[in-house]
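# Understanding the architecture of this molecule
Here is how the chains run, residue by residue.
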Amino acid sequence: MNGEEEFFDAVSGFDSDNSSGEFSEAHQKVTGMIDLDTSKNNRIGKVGERPSQENGIQKHRTSLPAPMFSRSDFSVWTILKKCVGLELSKITMPIAFNEPLSFLQRITEYMEHVYLIHRASCQPQPLERMQSVAAFAVSAVASQWERTGKPFNPLLGETYELVREDLGFRFISEQVSHHPPISAFHSEGLNHDFLFHGSIYPKLKFWGKSVEAEPRGTITLELLKHNEAYTWTNPTCCVHNVIIGKLWIEQYGTVEILNHRTGHKCVLHFKPCGLFGKELHKVEGHIQDKNKKKLFVIYGKWTECLWGIDPVSYESFKKQERRGDHLRKAKLDDSSGKADSDVADDVPVTQETVQVIPGSKLLWRINTRPPNSAQMYNFTSFTVSLNELETGMEKTLPPTDCRLRPDIRGMENGNMDLASQEKERLEEKQREARRERAREEAEWQTRWFYPGNNPYTGTPDWLYAGDYFERNFSDCPDIY
């Protein structure tokens, strides 16, 4: 085995004897939340409770089989101290820092607020459609709030499907490359109102006290009724205090959403925290037409909600606000910030909820998380259901589906010894398969996606080959 193989496969050295106690994380509370998506069920059920039918609609589980374990006894520093600036996909990480989901399942969390796509499809005007699409793009990263566990790296050829008739979509993803890791996905509305697809290959780096995930890959949304396509790339996500202190997350960077038919563009700025935390979680931006005329202003927080208003009202409000700030700043002490050192990055004090400008329009609000979310890796109600394996499902799923991965299943059930052993076995099985292909000079063949160019941007992408839901899985690889 060469060094590259060992790093990429990240064999675990976890010992479950160290898995007791509590894990301290930043538990920021968002008050006054309203669940706009009435199809969600946030009630808490008993552990192991089977889903049932209600008015013909499948009910999904509301709790994981076992609560999360402590990470407090593990020193990340012993692993990462020699890896500053390297990609984390090449670093051996103990299973203790995972969450019981594959990265393919985590991508599926984009669909939690799919009602925003349905709403966009029903809007008659391109400006209104862009408002809903922008809200969807922001909502797609909302589930990452306080999520500090690392998803399992998908095995080459691993797949995940999700069909939600109650939410009106079906979704399929496949790990199409191992070096570099690339995950391709395709989703479609059950009423033939949209296609949502892309390929994701985030670049993870460790920077001393934080882990940064730089987004790579194009996300495409097609509204079929309007013959429109929108493309964008996600913001950068950063997890602070991976060595010492309370973990906390911020998103930053500029996201540009382009309507390729009309030329409308939405420019969203995910604000970095800033010296005193005033900008934490904030999102600000605008929608412009093809002539770059500003038509609509968007503001809010990716952890809470998103509002919009016309530019004239927004500028008038900001002008008044600046007058007030000028008076307040005269009274502030001009103190300097702390220099970068070995101490933890202070968790910014949670700011007040978004200040709503009179006349604003609510575009999106986050779903309320279940009361026991902190004991379930800070999962949302939607996320809790993703690895659910219902009775008889094995007969309809391909053998490559994430739900059948024994290491993730073991972790979800609280059996950390089994999870660690299975993770190591699966990675060695993957390495041996790669060596066998090298001996036979055979290329890996993807099953459900093929390499090509994005039809709207012209950039390299992975495109859905179709026929997955015909359910002919006879030629799927044996990866588990």
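Residues numbered from 1 in each chain as written. Predicted model: local features only at pLDDT ≥ 70, side-chain atom pairs only at ≥ 80, totals over all residues. Heavy atoms only, no water.

Moving on: the UniProt feature "coiled-coil region" (unreviewed entry) in the protein. The positions UniProt marks with the feature "coiled-coil region" (unreviewed entry) are residues 416–443. Note that residues 416–443 is 89% helix and 0% strand, and that its end C-alpha atoms are spaced 35 Å apart. (UniProt positions renumbered as here; feature names shortened; annotations may be inferred. Helix = DSSP H or I, 4+ residues; strand = E, 2+ residues; numbered from the N terminus.)

Note: predicted coordinates in regions of low pLDDT should not be interpreted at a detailed level. Summing up the model confidence of the protein, the mean pLDDT is 82 and the portion of residues at 70 or higher is 77%. Contacts for the low-pLDDT stretch residues 1–51, under 50 throughout, to residues beyond four places or in other chains number 147 contacts. Segment residues 333–341: pLDDT under 50, and five contacts once partners within four positions in sequence are set aside and those in other chains are kept. (pLDDT = per-residue confidence, 0-100. Contact = heavy atoms within 4.5 Å.)

Moving on: the pattern of salt bridges. Pairing of side chains with opposite charge becomes possible as their charged atoms draw close. Under the counting rule described, the total for this entry stands at 27 salt bridges. Here E412 makes a salt bridge to R409, at a shortest N to O gap of 2.8 Å. A residue pair is termed a helical-turn pair when its members lie 3 or 4 positions apart in one helix, as E412 and R409 do in helix 8 (residues 406–412) at three residues. For D478, the salt bridge goes to K429, with nearest N and O atoms at 3.5 Å. Of this pair, D478 sits in the segment after strand 21 (460–464) while K429 is found in helix 9 (residues 416–440), placing the two residues 49 residues apart along the sequence. By relative accessible area, D478 is classed as exposed at 62%. Since its relative accessible area comes to 28%, K429 is described here as partly exposed. Through salt bridges with shared partners, a single ionic network connects E428, R431, E432, R435, E436 and R439. (Salt bridge = Lys/Arg side-chain N within 4 Å of Asp/Glu carboxyl O. Buried < 20%, exposed > 50% of the residue type's maximum accessible area, 1.4 Å probe, protein only.)

Bringing the pairing of strand 3 (residues 98–102) into the picture now. Where burial is concerned, most of strand 3 is hidden: five out of the five residues are buried. On strand 3, burial covers both faces: N98, P100 and S102 on one face and E99 and L101 on the other are all buried. Taken together, the two bridges between strand 3 and strand 4 (residues 150–152) define a ladder with parallel strand orientation. Note that in strand 4 the partner of N98 across the bridge is K150. (Pairing = 2+ DSSP bridges.)

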